[in-house]
Structures are given as C-alpha cells and as structure tokens.
Amino acid sequence: MPSEPGKTKFQIDLRAHLREQNISDNLVHLICEIAEASKYVINAVRTGDLGVAGTSNLYGEEQLALDVLSDRIMRKRLIHSGVVCNIASEEMEEIYQVTSNPQGMFSVAYDPLDGSSLVDVNLAVGTIVGIYQGCDLLQPGRKMVGAMYILYGPRVSLVYSIGKGVYEFTMNQLMEFTLTKEDVQMKPSGDIYAPGGLRKKYTEENERFIRHLEDKGSKLRYSGGFVPDINQVMMKGKGIFMYPALTDSPNGKLRLLFELNPMAYLIEQAGGAATNGKIPILDIVPDGLDQRAPVYIGSREDVEKAGEFLNGHA
Ligand code: FDP
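Note that the structure is a prediction, hence the values are computed from the model and not measured.

Enquirer: What's the story with the site of the ligand in this structure? I'm lost.
Expert: Taken together, the neighbourhood of the ligand is formed by 15 residues, with D114, S117, Y222, Y243 and E259 sitting nearest. S117 places a polar side-chain atom, nitrogen or oxygen, 2.4 Å from an oxygen atom of the ligand. A distance of 2.6 Å separates an oxygen atom of the ligand from a polar side-chain atom of Y243. Judged by the proximity of its atoms to the pocket grid, the ligand belongs to the largest pocket. Here the shell around the ligand is composed, by residue class, of 5 nonpolar, 7 polar and 3 charged.

Structure, rendered in structure tokens:
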C-alpha cells in the first residue's frame, strides 16, 4: 500500500487511507463523518453527566442521558453528511428518512453508545455502525458495504471494513485516527471465551458447550460491553463471544441490525465466523428493526463447535 509522502505507512490517517481504497468519494466522506462524530461522543462519555436523563444542570437545562446525547450527535452528523438516505438507530423507534433518492446514497444502522450501562462504572463502551448502499435497511447483513465500531476505552480505536479486510485506527493526541493494524486476521481456534447472559438461564446445550470450552483450557474474558469484548477477540485474533438464547428469551439479547450484523461483517472479514447456531448471522433476513438473535462469534472452529453442540452433533 503506498504511503502519503513523508509519512510511514502506519502514520497514515483515516481519510488518506480510505482515498487509497478505490471506493466512492461518498463512502469515504461517510466513514470520515462517522469518525468525526465519534470525537464528540467520546467527549460526552468523558465529561458528560452520568446517565441522569430528566435532571437539570446548573442553568436549569435538562440533561440528556449519554446514549440519547450520543444518538443526537450521530444522527445530526449523518443527516448533514449529504450522502445518507435512511438512518436507523437503537435509540429510535422508526427509520429516519433523510432523502428518498437512493442515487449514490447510503443507509446507516447504528448503536450510538453500546454498553451505556457500563459508563457509570467507567468501563469501556463503543459505537457500532453498519452501512448499506441505497435506502433499504431491512436486508441481510451480507448486503452491507461496510461496517465499523469505535471503542471508547483507555484509548479510542476505530475498526472498520469495506469488504477489503479489517483495519484498526487509533486516535492520537491531535484526535486524528491513524492506522495501527492492517489486515487483522483471526486464528481458526482460540483460548478466550466471553459468555453473555445469566448462566442459570442457559439451555443444557449451551451449558455443555461452555463446559467444552473450559475443558479445552479457554479463559473467561468478559467485560459486559459488546464492543470491548468483540474487540478483544478480534485483536487477540482468537476466541469466541456468545450471547445465547436463554430459557426465557429464545432470541437472546443482542440486536441484529445495530449490533450483530456489523460485528459479524467485521469478524468474517478477519477470517472468523458468526452464527445464531443455525445459519450465519449475515444471512438472517431481518423482519424488523428490533429483531434480536442468539450469537456465537469469533474463531471459525470455535463457532462451528458451538453449532455442533446446539444441533446435538457433539
Ligand atoms: P448494555 O446492556 O450495558 O448496553 O446490548 C447491550 C449490552 O450492554 C452489550 O454491550 C453487552 O454485550 C450486553 O448488553 C450485556 O448483557 P448481559 O449483562 O446480559 O451480559
């Protein structure tokens, strides 16, 4: 990959890198706008009031909960980007139409602040984004043209793919995203597992799968934040995250459009896999914005093994 004159490859910033990817100017613009929005989200996370919607500040103005504020930041940026057709967010009940003309436009499904219940205990949270060409958001995730997440941890990192591998950028002291990892790849199997959900509500099949992971020497590595937990699996290049069906919630907890599809797209691009136990997450045809699904995502062989346990073949 050619570098900007005077810069080594790993100092290249997001915009310069995207311009080298042979994609439309609109898509470059969109990804950069989302990256810009994330700078305001991280500022809100670092300095904002902690999830006290409905309370007033010193001036008697109503305070917004951080997830609501993050949603407004993202939505405003997307609306004014000039390249977005439809927007769906975990914080909105309906699709927000910016324009009905799909020409050269993209639609975006996002979770502005995933894991917001972790902010008050100062754990890592993130923004998750899926990008579709045109105006249709209710398509299988495999139709996405790009996906990304921004992780607000001790450092801020942005991990994206437009179907040409997975790249990680990290925010520097000037609040620019510069390339820190390219062509992120998952190993076929790993020794980390991150299991969401209350274990006493696991089905017998999931219980047996967990015991299998423990027997093979996998270590528990679960923070309770989907973005940092996936980031760990992806950047260590091994292991599995799961949020299974529970006895009282057969579709698990995590949402297909806002959480699972973007992460499944990124993990598949890194050579991993993501399934609901029956079919790949990216092949699920969504029947609504709020659709949920069980998920097993990470190293390919570990995800396949989950399927074997769930389908009684193990
Ligand atoms: P949160 O409720 O804190 O917003 O989907 C949201 C999410 O967090 C994910 O980030 C996380 O993986 C999951 O829920 C955690 O759920 P459990 O506490 O049930 O494990």
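Enquirer: Before we go on, may I ask you to explain the UniProt feature "domain: Fructose-1-6-bisphosphatase class 1 C-terminal" (unreviewed entry) in the chain in this structure?
Expert: UniProt feature "domain: Fructose-1-6-bisphosphatase class 1 C-terminal" (unreviewed entry): in the numbering of this structure it lies at residues 187-309. In residues 187-309, the share of helix is 38% and the share of strand is 14%. The end C-alpha atoms are 21 Å apart.

Enquirer: Even after reading the chapter, I still don't get the state of the cysteines, so can you show me in this structure?
Expert: Among covalent bonds in proteins, the disulfide is the one between the sulfur atoms of two cysteines. A complete count under the given rule lists 1 disulfide for this structure. Between the sulfur of C85 and that of C135 lies a disulfide, 1.8 Å long from S to S. On the sign convention where negative is left-handed, the bridge of C85 and C135, at about 70 degrees about the S-S bond, is right-handed. Here the residue C85 occupies a position in strand β1 (residues 84-89), and C135 occupies one in the loop between β4 (125-133) and β5 (144-152), the gap between them amounting to 50 residues.

What counts and how
- Residues numbered from 1 in each chain as written.
- Predicted model: local features only at pLDDT ≥ 70, side-chain atom pairs only at ≥ 80, totals over all residues.
- Heavy atoms only, no water.
- Near = heavy atom within 4 Å.
- Polar contact = N/O pair within 3.5 Å; in protein donor to acceptor, adjacent residues only side chain to side chain.
- 1 Å grid on protein atoms, 1.4 Å probe; cavity = no way out; pocket = protein on both sides within 12 Å on 5 of 7 lines; lining within 4 Å.
- Sits in = over half its atoms within 2 Å of the grid points.
- Nonpolar A, V, L, I, M, F, W, Y, C, P; charged D, E, K, R; others polar.
- UniProt positions renumbered as here; feature names shortened; annotations may be inferred.
- Helix = DSSP H or I, 4+ residues; strand = E, 2+ residues; numbered from the N terminus.
- Disulfide = S-S within 2.5 Å.

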